[in-house]
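This is what each chain is made of:
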Protein chains: 4
Amino acid sequence: MIIIMKKDASAHNIQKICKQAGKSGLAVDILKGTGRTIIVIENIRGPLESSPFELNEDVEKIIPIAESYKLAGRNYKSESTVVKVGEAKIGGKELVLIAGPCAVENPDQIFAISDIVKKAGGKILRGGAFKPRTSPYSFHGLGEEGLKLLAEAGNSAGLAVVTEIIEVDQIDIVAQYADMLQIGSRNMYNYQLLKEVGRLKKPVLLKRGLSATIEEWLNAAEYIMNEGNHEVVLCERGIRTFETQTRNTLDISAVPIIKELSHLPIIVDPSHGTGKWNLVPSMSCASAAAGADGLMIEIHPNPDEALSDGFQSLNFDSFMELAKQLKKIAMAMGRSFG
Amino acid sequence: MIIIMKKDASAHNIQKICKQAGKSGLAVDILKGTGRTIIVIENIRGPLESSPFELNEDVEKIIPIAESYKLAGRNYKSESTVVKVGEAKIGGKELVLIAGPCAVENPDQIFAISDIVKKAGGKILRGGAFKPRTSPYSFHGLGEEGLKLLAEAGNSAGLAVVTEIIEVDQIDIVAQYADMLQIGSRNMYNYQLLKEVGRLKKPVLLKRGLSATIEEWLNAAEYIMNEGNHEVVLCERGIRTFETQTRNTLDISAVPIIKELSHLPIIVDPSHGTGKWNLVPSMSCASAAAGADGLMIEIHPNPDEALSDGFQSLNFDSFMELAKQLKKIAMAMGRSFG
Amino acid sequence: MIIIMKKDASAHNIQKICKQAGKSGLAVDILKGTGRTIIVIENIRGPLESSPFELNEDVEKIIPIAESYKLAGRNYKSESTVVKVGEAKIGGKELVLIAGPCAVENPDQIFAISDIVKKAGGKILRGGAFKPRTSPYSFHGLGEEGLKLLAEAGNSAGLAVVTEIIEVDQIDIVAQYADMLQIGSRNMYNYQLLKEVGRLKKPVLLKRGLSATIEEWLNAAEYIMNEGNHEVVLCERGIRTFETQTRNTLDISAVPIIKELSHLPIIVDPSHGTGKWNLVPSMSCASAAAGADGLMIEIHPNPDEALSDGFQSLNFDSFMELAKQLKKIAMAMGRSFG
Amino acid sequence: MIIIMKKDASAHNIQKICKQAGKSGLAVDILKGTGRTIIVIENIRGPLESSPFELNEDVEKIIPIAESYKLAGRNYKSESTVVKVGEAKIGGKELVLIAGPCAVENPDQIFAISDIVKKAGGKILRGGAFKPRTSPYSFHGLGEEGLKLLAEAGNSAGLAVVTEIIEVDQIDIVAQYADMLQIGSRNMYNYQLLKEVGRLKKPVLLKRGLSATIEEWLNAAEYIMNEGNHEVVLCERGIRTFETQTRNTLDISAVPIIKELSHLPIIVDPSHGTGKWNLVPSMSCASAAAGADGLMIEIHPNPDEALSDGFQSLNFDSFMELAKQLKKIAMAMGRSFG
């Protein structure tokens, strides 16, 4: 970190910082040439806390120069991580399509959906069995019954399945049915849950928090990886802004930024990212063209009868049309699809 | 809810919505006077899902007219709730002062602090034993040892204590030592944790999520109250904006808005809300003048040696001076203090 | 507009609103079926002010149902507008490439750039002669000398030119040299300037304000169109959010939203939208895949010697490579390029 | 500025930066101790452009250490500036109350208002004659007729007057009638207008841009001051966030931050800052308690008949009650009022 001292910093306060750093075994260097003292402190062993220095009354500003995460960083591992989920290899040459309903509702719905996902070239079936909802009075999913249906439908169609886990207690039951566990936006800061899935040997799909910075998101991945599970796929799903035309503002620039900072694969969820089904096709193509490793899209045979989030689900016709368009974009990007 | 149909909506689609509503036992009214059809649907029994209607292709817009929460609303209970924590009555005439360190570090620190909190007119001692941190490599608190020290220091000084619970498994141990349990910003969407503290008979301090809307925040309170625990105190602690001069932007207008929408008491945490100790006094006074029922302030005997968040902690001199100023503001507002 | 009255609204206050509306010659309809009174008011002649009703003490909420703009709306003109600038037709089948330096610096620079823009398949040369800068001490452009160089370079390479106008007094001189006038983000709310360019017979490139909502942006277009000039091209260039990895968050979803709400063409400026040259190629491809009608990209022969915004400019090699990639995306989208 | 080089930066690229800096006559210092090269560059003469260095391929990050403004900074002038407007001294011991209607509508309205402002202890009458509006179809003010009425009403009641100027051409006429000229939020980046009022010898009230950072705001003040006019009063009026309960989020923390960074006085406009009249009293008290030098409040004899922004205007009774409360807060803060 770089500590910029005030112009009239006292020798006493400058020494104090150097001593504090020395006590923690940190390397210190000092620069006095241009009118004010600048202290550079580095820790060879890992991330560094700035707190002890921030209260020195002669400190004007502290600038971190190392990232606060390590295992998730491109500096730690320069080649890109490829996460295998069933037949899909997320992070490789393929543009992986994940699709399914917001919530598993009944056998007819989920089997019809798994068929169409397969037909469209999808590799992974998504579907919620435990739904976190803003209001305690909303539909919260079928629970284990939903997990079973999801697994059966995936199995029957030859698709891997991904589903969200929202409570620590569900971990065994969800891991039993799912090929990949999803940590939703609301749980990105739920460190207990992150640590628990970090102890599994299953891929984890980690959604960006509702308003998480990219650095916080990579730190959430770090929590998982630090427990031993390095099979993490990041998922951009929109951030909060002042614009009210969309539920969230899909931050597609997160794709190339993550590619630069981290070796982990990144996919995009344009359904939650926009909250409007009619924006999903264009935002899917945009995400693919930005270099996303995959897409996760909500579909429903009859979106207007969906038990949750119907307004952001594609019907089967729109979905098949989008899949065709995605194939073209994938080819233009030199990627395989389907 | 009000459903505005497109100008050229078909009779079929209008009837479809009325039927869907009828099936769920909802009251429906239709208006056709001014060129487009507007359908009003109300549910006498509680909040209402808009999803089933949102996918009708002839719907232009759906506008909720009832709140998504109920028990937390001023409509449910018109008189203000007063939550008792030790001697403090939060939500009444008193401006309640809560103060303490970010993290309990050792006996000397916490006993020195509890003395000064008492002296300043504070009623509740805060202190973290389990610390959620963005990076897995940061200091995470003393655990149960910290809880014990906190309780002893509070007891010795005659102060109630509040501390954060971050994992469901900690609930028994934390409830054993604390007079009020804090749900931190990162856990505002952790519905499992909300439901668990909802089953306790202890006051809960519910911080606003990092970027939660006021409606989501009240819904989080609803999760707690829906389990039977109505002793909820809300705590504004800053929201994310583009401004980089402060860690967060303290949304003081949340105070009068909460007072209007809800009967629950609201306090303000200017330490996390700004992230800079030198802004804490002015923002504390501002919050009190806006009508907050209390303040929660971070203090430390030697902020520059604090193990976490030292840069937002007041030292004892600044804290005593602030307490004097708060007393004046409280009197100007017709409230008691200390 | 829809006016939702409070549950216990008085007959007096309901009548008052109806009278106020009647006085202004507005159509009124009332609905009383489901427990509260809802009043719908429509104006056949144009947008409607909600202010006179908003202060009625029994009004709970007012919801606008018509857009505040008219000429810019898809309702006013259902077929898409195509704006011709030199050989380029923005808003048609073609993906139009606009490129050039942030600021025109000298003949060598601008002629070298115009050559490479032509070679890459670009149709329009951009370049600033009058630069608005946050600090009064920054480089503010060459003025008329810059305009001349820009026009000569464009002419010589067979490219149309676009440049920013920042003050009303510059309008004649800029219109003399430029084929399209750019209104920058900082001036999107400068209604005097909007009205002035609205009286010209030249295409206008209207950038989205630094934090403008899409509705405000379309209203800015309305100011121009209301003066008679309907040749408006919208340009998305990023909005302010809490994320600090990028200068702005490029809101690519604005592309399909504008396509839905308006008949005007929309292009994207990924250089200002991200503020980092290394994100420009992926965000350009993403914008094209989202359906943008064109791209405006900053380039420089030696970005590290540029007098302004060098860090977001592509060098010639990266630019030629991007043009190749854009051609592939355009084809995948069924559009022409170059 | 501090330039952090990449870990493997070449000697060539390090030297290049030093040479570039040397050419511009800047002082340079280099630090190599802790694994990577850090270059510190300072300009004794004024603010510094980072652009020339930002493109060096071995640069990882550039951190400005000096502010981009100068005259507006506390470093330039340590004692607080007091701006005199009529009898009011903004920036001194007094809490100055400015009030009036959004728009001057007719003699009865403005004379009734000026009387009540005087009675409440106000020192300055505000009122719009030229109104910038989002939609070209909204009410845009009475023009010079409005200015005359405002001046007469102010004169008759013994109040100074402030009004907004929105176009450069209005400068003479507005300056003729007003004691202080207001630059509105939409014009904070209108550098031509800033420079023009910078050449006057009249106080300027500079509102924060709709989503301006504090640094950009101080730079806008710098544009005015750089032309010779140092009589600038800053006015916080809310920023854009994701929260929809209020029109804007009033950033009260801007008050102590401006006090730290700048010597200029700062007032708060809670009417625009919240957009809801019922939040105005609490936010006014909060702003005063945060240390604001004054308040600007919208009032109207019949808010529900106001031609613009009625929903954020106080009626006379609420205004008089607020004035009483403000006096108490001012006294608690050791300030005078009225």
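Residues numbered from 1 in each chain as written. Chains lettered and ligands numbered in written order. Predicted model: local features only at pLDDT ≥ 70, side-chain atom pairs only at ≥ 80, totals over all residues. Heavy atoms only, no water.

Visitor: What am I meant to see in the nonpolar core here?
Guide: Looking at soluble globular proteins, one finds that nonpolar side chains tend to be buried together. In terms of nonpolar packing, the biggest core is built from 166 residues, with Leu 206 of chain B together with Leu 206 of chain D touching the most fellow members. When sequence neighbours within four positions are dropped, the list of residues in contact with Leu 206 of chain D reads Ile 183, Met 188, Leu 194, Trp 217, Ala 220, Ala 221, Ile 224, Val 232, Val 233, Leu 234 and Cys 235 of chain D. Listed in part, the 165 residues of the second largest apolar core include Leu 95 of chain A together with Ile 165, Ile 171 and Ala 290 of chain C. (Core = buried A, V, L, I, M, F, W, Y, C linked by side-chain atoms within 4.5 Å. Buried < 20%, exposed > 50% of the residue type's maximum accessible area, 1.4 Å probe, protein only. Contact = heavy atoms within 4.5 Å.)

Visitor: In this structure, what is going on with the sheet that holds strand β3 (residues 38-42) of chain A? I would like to understand it.
Guide: Through backbone hydrogen bonds, the strands of a sheet pair up, either in parallel or in antiparallel fashion. Residue and element names in this part refer to chain A. Ordered in space as β2-β3-β1-β4, the four strands form an open sheet in which the pairing is antiparallel. The sheet is open, and its two borders are formed by β2 (27-31) and β4 (59-63), each paired with just one other strand. Shown here is a sheet whose adjacent strand axes are inclined to one another by a mean of 20 degrees, direction ignored. The sheet strands contacting helix α1 (residues 11-23) are β1 (2-5), β2, β3 and β4, and the helix crosses β3 at an angle near 5 degrees. (Pairing = 2+ DSSP bridges. Helix = DSSP H or I, 4+ residues; strand = E, 2+ residues; numbered from the N terminus. Axes fitted to C-alpha atoms, helices over the stretch in contact; angles between N-to-C directions.)

Visitor: What is the right way to read the packing of aromatic side chains from this model?
Guide: In this description, a pair of aromatic rings is defined by centroid distance and the angle of the planes. Enumeration according to the criterion identifies four aromatic pairs over all chains in this entry. Measuring from centroid to centroid gives 4.3 Å for Tyr 191 of chain A and Tyr 223 of chain A, while their planes differ by 15 degrees, and the two rings are stacked. Note that Tyr 191 of chain A is positioned in helix α6 (residues 191-198) and Tyr 223 of chain A in helix α7 (residues 214-225), a separation of 32 residues in sequence. A residue is classified by how much of its surface remains accessible, and Tyr 191 of chain A, at 8% relative accessible area, is buried. Judged by relative accessible area, Tyr 223 of chain A falls into the buried class, the value being 3%. A cation over a ring is seen here: Arg 240 of chain A above Phe 242 of chain D, with NZ or CZ 5.8 Å from the ring centre. (Phe/Tyr/Trp six-rings, centres within 6.5 Å; stacked < 30°, edge-to-face > 60°. Lys NZ or Arg CZ within 6 Å of the ring centre and 35° of its normal.)

Visitor: What am I meant to see in the packing of helix α3 (residues 107-119) of chain D against helix α4 (residues 144-157) of chain D here?
Guide: The description of two helices packed together rests on the angle between their axes and the distance between the axes. Residue and element names in this part refer to chain D. Contact pair α3 / α4: the axes reach a minimum separation of 9 Å and the direction vectors enclose 35 degrees. The two elements α3 and α4 meet at a crossing, and its hand is right-handed. Contacts from Pro 107, Ile 110, Phe 111, Ser 114, Asp 115 and Lys 118 in α3 reach Leu 149, Leu 150, Glu 152, Ala 153, Ser 156 and Ala 157 in α4. A per-class count over the contact of α3 with α4 returns seven nonpolar, two polar and three charged. (Left-handed = near helix turned anticlockwise from the far one by under 90°. Nonpolar A, V, L, I, M, F, W, Y, C, P; charged D, E, K, R; others polar.)

Visitor: Just to check I follow, could you spell out the pairing of strand β10 (residues 180-183) of chain D for this structure?
Guide: Strand residues, when the strand is regular, have side chains that alternate between the two faces of the sheet. Residues and elements named next belong to chain D. Every second residue of β10 is oriented toward a common face, with Met 180 and Gln 182 on one face and Leu 181 and Ile 183 on the other, all of them buried. Bridge count between strand β9 (residues 160-164) and β10: three bridges; the pairing is parallel. Across the sheet, residue Val 162 finds its bridge partner in β10, namely Met 180. As for the winding sense of the linkage, the β-α-β connection from β9 through helix α5 (residues 171-177) to β10 is right-handed. Relative to strand β11 (residues 204-207), β10 runs parallel, the two being bridged by three bridges. Considered in β11, the bridge of Leu 181 is made with Val 204. (Right-handed = clockwise from strand over helix to strand, strands pointing away.)

Visitor: Whenever I open this one, the domain arrangement of chain A confuses me. Can you help?
Guide: Note: interface size is frequently given as the accessible area lost on complex formation between the parts. Along its sequence, chain A is organised into domain 1 (2-63) and domain 2 (83-337). In this structure, domain 1 of chain A and domain 2 of chain A have C-alpha centres spaced 44 Å apart. (Domains from an automatic or database assignment.)

Visitor: Sorry, what's going on with the sheet that holds strand β2 (residues 27-31) of chain D here?
Guide: Residues and elements named next belong to chain D. The four strands are arranged β2-β3-β1-β4 in an open sheet whose pairing can be described as antiparallel. Edge positions in the sheet fall to β2 and β4 (59-63), since each of these pairs with one other strand and no more. The average angle at which neighbouring strand axes cross in this sheet is 20 degrees, direction not considered. Pairing geometry for strand β1 (residues 2-5) and β4, over four bridges, is antiparallel.

Visitor: I would appreciate a short explanation of the packing of helix α11 (residues 316-332) of chain A against helix α11 (residues 316-332) of chain C in the present structure.
Guide: Running from N to C, α11 of chain A and α11 of chain C cross one another at 165 degrees; their axes reach a closest spacing of 9 Å. Considered as vectors, α11 of chain A and α11 of chain C are oriented roughly antiparallel to each other. Crossing angle aside, the handedness with which α11 of chain A passes α11 of chain C is right-handed. Residues Gln 325, Lys 328, Ile 329 and Ala 332 of chain A of α11 of chain A form the contact with α11 of chain C, whose own contacting residues are Gln 325, Lys 328, Ile 329 and Ala 332 of chain C. Grouping the amino acids of the contact of α11 of chain A with α11 of chain C by side-chain chemistry returns four nonpolar, two polar and two charged. (Parallel < 35°, antiparallel > 145°, perpendicular 65-115°, else oblique.)

Visitor: I keep staring at the environment of Asp 115 of chain C and nothing clicks. Help me out?
Guide: Residue and element names in this part refer to chain C. One can find Asp 115 in helix α3 (residues 107-119). Its relative accessible area of 47% is what places Asp 115 among the partly exposed residues. Between the C-alpha atoms of Asp 115 and Gly 158, which are 43 residues apart in sequence, the distance is 9.2 Å.

Visitor: So what exactly am I meant to see when it comes to the pattern of salt bridges here?
Guide: A side chain with one charge can pair with a side chain of the opposite charge if their charged atoms come near. Tallying each qualifying case throughout the model produces 48 salt bridges over all chains. With its nearest N and O atoms 3.3 Å apart, the salt bridge here joins Arg 199 of chain C to Glu 196 of chain C. A relative accessible area of 47% means that Arg 199 of chain C is categorised as partly exposed. Relative accessible area serves as the criterion here: at 24%, Glu 196 of chain C is assigned to the partly exposed category. Salt-bridge contacts for Asp 251 of chain D lead to Arg 208 of chain D; the nearest nitrogen and oxygen are separated by 3.0 Å. Linking Asp 251 of chain D in the loop between β12 (232-236) and α8 (254-261) with Arg 208 of chain D in the loop between β11 and α7 (214-225), this pair joins segments that are 43 residues apart in sequence. Across the pair, exposure class does not vary: Asp 251 of chain D and Arg 208 of chain D are buried alike. Three or more residues joined by partner-sharing salt bridges are found here, namely Arg 208, Glu 236 and Asp 251 of chain A together with Glu 243 of chain C. (Salt bridge = Lys/Arg side-chain N within 4 Å of Asp/Glu carboxyl O.)

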